[in-house]
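Close look at the chain arrangement
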Amino acid sequence: MKRLSCDLGVAALVSSNNKVLLVQEAQGNFKGKWGLPKGFVDPGELPRDAALRELKEECGLDGKVVGLNSMREKLIHGHPAIFIVYDIEVDSKQTAMPCSEISQVEYIDKSELTKLDWISQTMKSIAMNSGTNTPSAIIDYSESQGHPYLLHLYTGGELVEN
């Protein structure tokens, strides 16, 4: 099997009570725009761990991945660019706090999402559809495989495991 370089990004989707956790960018090309806590996967890091790290770095929140929400795929200059969004639960007792690259962190009611200036239409679509999908099941085969090995399986609400 031939290896291929890939742009790999992740986001954390935290939603509860018809609200979605969003961040407003404080700098760069997206300054002032809203989106999910997001970032790139570091070498030696699983994408789901990168999503949790970004949630911690951008919002000061610890969470638990409960499923795979969505994936965007496209080509950038002929190379694949993959963006994976994970459903994440956080303890409601935690307080979200922005870091230096984020100007605001807020739980925003889904009825208000169309009024925001978004990083991208994709990010807006993901947030608008939060809470409408049945999350995937996560089966951890890491111990039997001897290295990190996770299967995200859409089950329609039922876990199927061999």
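Refer to the structure printed above.
Here we summarise the structure given alongside this text. These numbers were taken from a predicted model, which means no experiment stands behind them. (Residues numbered from 1 in each chain as written. Predicted model: local features only at pLDDT ≥ 70, side-chain atom pairs only at ≥ 80, totals over all residues. Heavy atoms only, no water.)

**A word on the overall build of the protein chain**
For clarity, the threshold we go by: A run of H or I in DSSP becomes a helix once it reaches four residues, and a run of E becomes a strand once it reaches two; helices and strands are each numbered from the N terminus. Restricting the calculation to C-alpha atoms gives the radius of gyration, and the globule rule supplies 2.2 Å times the number of residues raised to the power 0.38. For each residue, the accessible area found with a 1.4 Å probe, counting protein chains only, is set against the maximum for its type, and the residue is called buried under 20%, exposed over 50%, and partly exposed in between. Contacts were defined at the residue level, with two residues in contact if any of their heavy atoms lie within 4.5 Å. Shrake-Rupley sampling with a 1.4 Å probe provides the accessible areas, and residues are treated as covered by the protein chains on show and by no other component. Charge counting treats Lys and Arg as positive and Asp and Glu as negative, with His and both chain ends excluded. A single reference atom marks each charge: NZ on Lys, CZ on Arg, CG on Asp, CD on Glu.
Helix and strand counts for the protein chain stand at 3 helices and 10 strands. Counting helices and strands in the order they occur from the N terminus, the protein chain gives β-β-β-β-β-α-β-β-β-α-β-α-β. Taken over the C-alpha trace, the protein chain has a radius of gyration of 16 Å; the compact-globule value for 162 residues is 15 Å, and the two agree within 12%. Expressed along its principal axes, the backbone C-alpha trace of the protein chain runs to roughly 45 × 40 × 25 Å. Across the 162 residues that make up the protein chain, the buried fraction comes to 36%. Nonlocal contacts in the protein chain, meaning residues at least 24 apart in sequence, comprise 60% of its contacts between residues at least 6 apart. Roughly 9,800 Å² of accessible area belongs to the protein chain as shown, and the carbon and sulfur atoms make up 49% of that amount. Averaging the coordinates of the 16 positive side-chain charges in the protein chain and doing the same for the 22 negative ones gives two points 6 Å apart.

**Comments concerning the layout of surface pockets**
Keep this limit in mind: Detection works on a 1 Å grid of protein atoms alone, calling trapped sets that fit a 1.4 Å probe cavities and calling open sets with protein on both sides within 12 Å along at least five of seven lines pockets, with lining residues defined by an atom within 4 Å of a point. Grid points are joined across faces, edges and corners, and a volume is the space filled by probe spheres set on the points. Asp, Glu, Lys and Arg are counted as charged, while Ala, Val, Leu, Ile, Met, Phe, Trp, Tyr, Cys and Pro are counted as nonpolar; the rest, among them Gly, fall into the polar class.
Roughly 490 Å³ of volume is contained in the largest pocket. If you trace the largest pocket, you find 20 residues lining it, with F30, K38, F40, R72 and F83 closest to the centre. Elements with a minimum of two residues in the lining of the largest pocket: β1 (7-13), β5 (38-40), α1 (47-59), β6 (63-76), β7 (79-90) and α2 (121-128). Residues belonging to the lining of the largest pocket are distributed by class as follows: 8 nonpolar, 4 polar and 8 charged.

**Some words on the nonpolar core**
The following threshold applies: Put simply, a nonpolar core is a bunch of buried Ala, Val, Leu, Ile, Met, Phe, Trp, Tyr and Cys residues held in one set by side-chain atoms that sit within 4.5 Å of each other.
Ranked by internal contacts, the top residues of the largest apolar core, which has 18 residues, are V10, L21, L55, C59, Y86, I88 and V105. Those elements that provide at least two residues to this core are β1, β3 (19-25), α1, β7 and β8 (102-109). A11, L13, I126 and A127 belong to the second largest nonpolar core, which has 15 residues in total.

**So, the sheet that holds β7**
Put simply, the test is: At least two DSSP bridges between two strands are needed for those strands to be called paired. Every angle, taken between N-to-C directions, lies between 0 and 180 degrees, and every axis is a line fitted to C-alpha atoms, over only the stretch in contact when it is a helix.
Strand order in this open sheet of 4 strands is β5-β1-β7-β6, and the pairing throughout is mixed. If you trace the sheet from one side to the other, it starts and ends with β5 and β6, each paired once. With direction set aside, neighbouring strand axes in the sheet form an average angle of 20 degrees. Sheet topology places β1 next to β5; 3 bridges connect them, and they run antiparallel. Looking at β5, one finds that V10 is bridged to G39. Against the sheet, α1 contacts β1, β5, β6 and β7, and its axis sits at roughly 65 degrees relative to β7. Set on the sheet, α2 makes contact with β1, β5, β6 and β7; between it and β6 the angle comes to about 150 degrees.

**Thoughts on the pattern of salt bridges**
The condition that has to hold: Throughout this description, the term salt bridge denotes a Lys or Arg side-chain nitrogen within 4 Å of a carboxyl oxygen of Asp or Glu.
Throughout the structure, instances matching the rule amount to 9 salt bridges. Where R53 meets E54, a salt bridge forms, and the shortest distance between an N and an O atom there is 2.9 Å. Of the two residues, R53 and E54, neither departs from the other in class, the shared state being buried. Here E57 makes a salt bridge to R53, at a shortest N to O gap of 3.4 Å. Of the two residues, E57 and R53 are both situated in helix α1; the distance of 4 residues between them amounts to about one turn of the helix. Assessed through its relative accessible area of 43%, E57 is described here as partly exposed. Here the salt bridges share partners, and the residues they tie into one network are D42, E45, R53, E54 and E57.

These figures capture arrangement, not role.
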